[in-house]
Amino acid sequence: KSIPGNETKTAADFATAIKGEKGEKGETGADGKSALDVWKSIPGNETKTAADFATAIKGEKGEKGETGADGKSALDVWKSIPGNETKTAADFATAIKGDRGEK
C-alpha cells in the first residue's frame, strides 16, 4: 500500500494484480535423491541402513517450553474484520463455506 495509487487497494486487488497468464506445462524433471540416499552418499555412511539413518537424524528430546498465550479463534479473528463486528457464528459459517467442488 506504500506505492502511490495503492492506498485503497485490498489484498484481493493485490492478488489479481500479480497473477499472470498460465504458462505452458514444462517437461517432467528427473527424480531426485531421497534424504536417505543423500545421507548414504556421505563418506562413512555407504554401508549403513535405513535404521541407522533414522537413529542419526533423531535428536535428543528438548526441554518443555513455556505455555503460550491463548490465541483468538477463527471466529474472533473474522469478527475483528471491519463490517463483521456484529455478525453471528452462523454468519461466519456461511461466509467460510465455499461452493461445492467438481468431481
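We now turn to the structure provided with this report. Sequence positions are assigned chain by chain, starting from 1 and proceeding in written order. Only residues with pLDDT of at least 70 are given local features in this predicted model, and only at 80 or more are side-chain atom pairs given and counted; all residues enter the totals for whole chains, interfaces and linings. Heavy atoms throughout the structure, all of them, feed into the side-chain values; hydrogens and water do not.

**Overview of the environment of Gly65**
Then, in step 1: Tracing the backbone shows Gly65 in the loop between α3 (50-57) and α4 (74-79).
Then, in step 2: Of the residues examined, Gly65 reaches a relative accessible area of 53% and is grouped as exposed.
Then, in step 3: Between the C-alpha atoms of Gly65 and Lys103, which are 38 residues apart in sequence, the distance is 44 Å. In this text, helices come from DSSP runs of H or I with a minimum length of four residues, and strands from runs of E with a minimum of two, each type numbered from the N-terminal end. The rule is simple: take the accessible area with a 1.4 Å probe, protein chains only, and divide by the maximum for that residue type; under 20% is buried, over 50% is exposed, in between is partly exposed.

**Some remarks on the side chain of Asn45**
Then, in step 1: By secondary structure assignment, the location of Asn45 is in the loop between α2 (35-40) and α3.
Then, in step 2: Overall, Asn45 belongs to the buried group, its relative accessible area being 9%.

**Some points on the packing of aromatic side chains**
Then, in step 1: Note on aromatic contacts: the rings of Phe and Tyr and the six-membered ring of Trp form a pair at centre separations within 6.5 Å, being stacked when their planes are under 30 degrees apart, edge-to-face when over 60 apart, and tilted otherwise. This structure, assessed with the given rule, holds 2 aromatic pairs.
Then, in step 2: With 5.3 Å between their ring centres and 55° between their planes, Trp78 and Phe92 make a pair best called tilted. With Trp78 in helix α4 and Phe92 in helix α5 (residues 89-96), the pair connects residues that are 14 residues apart, well separated along the chain.
Then, in step 3: Note on Phe92: relative accessible area 15%, which makes it buried.

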